[in-house]
Amino acid sequence: MWNRRDFLRLGGTIPAAAFAVKASRLEDVVAASAAVADRSPEEVAADEFYWREIQEAFTLDRTLTNLNNGNTCPSPRVVHEACKRYMDMANMLPVQYNNGIGRNITTLRRRMANEFGCDQAELAFTRNASESLQIAQNGIDLKPGDEILTTEQDYPRMLTTWDQRMRRDKIKVTRIQFPVPTTQDDLYQRFERAITPQTKVLHFCHITNLTGQLFPVQRLARLARSKGILTIVDGAHALAHFPFKLRDLEMDYYGVSLHKWLLAPIGNGLLYVRKENIAKTWPLQAVPDRQANDITKFEQIGTHSFALRAAIGEALAFHQAIGAERKAARLRYLTLRWANKIKDNPRVKMLSSLEPGQTWGLAMVSIDGIPASALSQFMMDKYRIVVNAVNGGQPPAQVFEYSGLRVTPNVYTTLEEIDTFAEAMQDALANGVPAPTGGRGRGGTAPAVAPSGRGRGAV
Ligand SMILES: Cc1ncc(COP(=O)(O)O)c(C=O)c1O
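Residues numbered from 1 in each chain as written. Predicted model: local features only at pLDDT ≥ 70, side-chain atom pairs only at ≥ 80, totals over all residues. Heavy atoms only, no water.

Trainee: How would you sum up the overall build of the chain? Please name residues and give values.
Mentor: Helices and strands together make up the secondary structure of the chain, namely 17 helices and 13 strands. Considered along the principal axes of its C-alpha atoms, the chain spans approximately 65 × 55 × 40 Å. By sequence separation, contacts in the chain at least 24 residues apart represent 73% of the contacts at least 6 residues apart. Here the chain has roughly 18800 Å² of accessible surface; of this, 51% comes from carbon and sulfur atoms. Placing the 56 positive and 47 negative side-chain charges of the chain at their respective mean positions leaves the two points 3 Å apart. (Helix = DSSP H or I, 4+ residues; strand = E, 2+ residues; numbered from the N terminus. Contact = heavy atoms within 4.5 Å. Areas by Shrake-Rupley, 256 points an atom, 1.4 Å probe, with all protein chains shown as cover. Lys, Arg positive; Asp, Glu negative; His and termini not counted. Charge placed at Lys NZ, Arg CZ, Asp CG, Glu CD.)

Trainee: Give me the lowdown on unusual backbone geometry, citing residues and values where you can.
Mentor: The amide bond that connects V180 to the next residue, P181, takes the cis arrangement and shows omega of -15°. Its location among the elements puts P181 in the loop between β4 (172-176) and α9 (184-194). In this structure, the amide linkage connecting P395 to the following residue, P396, adopts the cis form with an omega of 10°. Within the element layout of this structure, P396 appears in the loop between β12 (388-391) and β13 (403-407). Even without being glycine, R384 reaches a positive phi, approximately 55°. Mapped onto the fold, R384 is located in the loop between α16 (372-383) and β11 (385-386). Among the residues examined, R384 registers a relative accessible area of 39% and is labelled partly exposed. (Buried < 20%, exposed > 50% of the residue type's maximum accessible area, 1.4 Å probe, protein only.)

Trainee: Can you tell me about the pairing of strand β5 (residues 199-205), naming the residues and giving the values?
Mentor: Most of β5 sits inside the fold, with 6 of its 7 residues counted as buried. In terms of strand pairing, strand β3 (residues 147-151) meets β5 through 3 bridges, oriented parallel. Bridging across to β5, I148 finds its partner in V201. Sheet topology note: the β5/strand β6 (residues 230-234) ladder contains 5 bridges and is parallel. Each residue of the ladder has a partner; that of L202, found in β6, is T231. With helix α10 (residues 217-226) bridging β5 and its parallel neighbour β6, the resulting β-α-β unit is right-handed. (Pairing = 2+ DSSP bridges. Right-handed = clockwise from strand over helix to strand, strands pointing away.)

Trainee: So, the sheet that holds strand β9 (residues 348-350): which residues are in play, and what are the values?
Mentor: Ordered in space as β9-β10-β13-β12, the 4 strands form an open sheet in which the pairing is antiparallel. Edge strands, defined here as strands with exactly one partner in the open sheet, are β9 and β12. Going from strand to strand, the sheet's axes swing by 35° on average, the running direction of each strand aside. By the bridge criterion, 4 bridges tie β12 to β13 in an arrangement that is antiparallel. Each residue of the ladder has a partner; that of N388, found in β13, is R406. Each of β10 (363-367), β12 and β13 is contacted by α16, which is oriented at about 35° to β13, the strand it contacts most. (Axes fitted to C-alpha atoms, helices over the stretch in contact; angles between N-to-C directions.)

Trainee: Account for the packing of helix α5 (residues 77-92) against helix α14 (residues 312-322), with residues named and values stated.
Mentor: When two helices pack together, you describe them by how their axes are tilted relative to each other and by the distance separating the axes. Following both chains from N to C, one finds α5 and α14 inclined at 165°, their axes separated by 8 Å at the closest point. In terms of orientation, α5 lies roughly antiparallel with respect to α14. Relative to α14, α5 is oriented so that their crossing is right-handed. Across the interface between the two elements, V78, V79, A82, R85 and Y86 from α5 touch E314, A315 and F318 from α14. Of the residues assigned to the contact of α5 with α14, the class counts are 6 nonpolar, no polar and 2 charged. (Parallel < 35°, antiparallel > 145°, perpendicular 65-115°, else oblique. Left-handed = near helix turned anticlockwise from the far one by under 90°. Nonpolar A, V, L, I, M, F, W, Y, C, P; charged D, E, K, R; others polar.)

Trainee: Any chance you could break down the nonpolar core for me, citing the residues and the numbers?
Mentor: M112, L246, M251, Y254 and L258 are the most contacted members of the largest nonpolar core, which totals 64 residues. For this core, the leading source of residues is helix α6 (residues 94-116), giving 6 residues. When neighbours within four sequence positions are excluded, L246 is seen to be in contact with F116, G117, C118, L123, L239, M251, Y254 and Y272. In terms of nonpolar packing, the next biggest core, distinct from the first, is built from 30 residues, L67, I418, A424 and A428 among them. (Core = buried A, V, L, I, M, F, W, Y, C linked by side-chain atoms within 4.5 Å.)

Trainee: Before we move on, could you go through the site of the ligand and cite the residues and values that matter?
Mentor: S130, D234, S257, H259 and K260 are the nearest of the 13 residues found near the ligand. Contact between the ligand and S130: an oxygen atom at 2.5 Å from a side-chain N or O atom of the residue. One of the side-chain nitrogen or oxygen atoms of H259 is found 2.7 Å away from an oxygen atom of the ligand. Here the residues of the shell around the ligand are counted per class, giving 4 nonpolar, 6 polar and 3 charged. (Near = heavy atom within 4 Å. Polar contact = N/O pair within 3.5 Å; in protein donor to acceptor, adjacent residues only side chain to side chain.)

Trainee: If you had to explain helix α4 (residues 48-55) to someone new, which residues and values would you point to?
Mentor: Along α4, 7 of the 8 residues are buried, which leaves the element largely enclosed by surrounding structure. Among all positions in α4, only E48, Y50, W51, R52, E53, I54 and Q55 are buried. Capping of α4 at its N-terminal end is provided by D47; its side-chain oxygen lies 2.9 Å from the backbone amide nitrogen of F49.

Trainee: Can you break down the packing of helix α2 (residues 26-35) against α14 residue by residue, with the values?
Mentor: Remark: α2 packs on α14, axes separated minimally by 8 Å, with the N-to-C direction vectors making an angle of 20°. Classified by the interaxial angle, the pair formed by α2 and α14 is roughly parallel. Pair α2 / α14 crosses with left-handed handedness. In contact with L26, V29, V30 and S33 of α2, α14 contributes A317, F318, A321 and I322. Taken together, the residues of the contact of α2 with α14 sort by class into 7 nonpolar, 1 polar and no charged.

Spelled out as structure tokens, the structure:
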């Protein structure tokens, strides 16, 4: 265990190379949080002694700096070990134990509902946000001519889902464009102006996967409800990233990936369905009529492993041990740390708002004159930093004018890693970067350059 004196000897920063074998247990995280309970989240955000405890709770490859947590996050050791334990258990006699674990998932439903602020009868576990959102998108009745209002910056798979319904059911899909960053009022007015008598659904992100643009969910949900319109909110990047309660947002459907900011094992998602909509939403796989009102109808997908799902319990405990406010404040602190070092350079463009309450651990930046794909490859080749290049595409993909690096640190990210990223950006600004070579060296992620916007893969 490190003590404060060891830490101060290092001048208050912790080199990534100094990471030893100490394994933080959940109790250590709880104890560390108890020790700072009298201080504000913003103060704790800058306390490296506290975050050292969190950093040690993960088993990572520290030879790479992961600034693409927006794709999928590693789970802390306690979560990963729980997952393996449940797997071992299920394998002893699957019919007994896998199904047994499955029955106990109801405990997690209650705990998740308590933490994220809704009735447990409104929460279904899924495999990811894609599944959650498609249950809503494909599960509601629509007739030819009905209109969906969404945006050009919604997630590609969700846009594809609407496009497929358009072909299948002859509905109309209208995509709104908006500049980034923009205000809550601007987004509200763009939707308000676009609503027609045919509009049946508003579909938008809580924060986008591109620049982290925040949407006025509650105001849009109220506007929609006043006109008999449903709201489907893509919360893939929002839940467990910054604090809010689902019931306060007032939307009809909300889809989440739990393998993003909750740090649950890969293959976990959550679907919130407002109670009054459960009966009128068709599940992905058929259920008997008597289950029409039961939220678990959305979980009927045939045989699957409950071990992955059961480990959500530890992920939630880890989230609670840090505390939602402390986590959000730290993510914001890390973002501001790199952004403040480079943002005044006239060639640097911040595509995310840095105002309080707008941006936490997901922000986008570009450098005038350097293509994002070349910059991301430079980050990998010279600095071993994994960071995603985002480029706007052509229909039917997302269509937007900007491009940049989407930078997503996490609670385990060290200040040294953040500072190295800022230094790498300064290097690129001063010396330029080589032309990209078509995706080589990006650690197995999608090709660096995707001129058409397709093939960018998930970001
Ligand atoms: C905004 C948004 N929606 C939906 C998804 C789909 O998430 P998943 O791949 O976990 O299903 C993502 C994934 O990155 C996303 O960023």
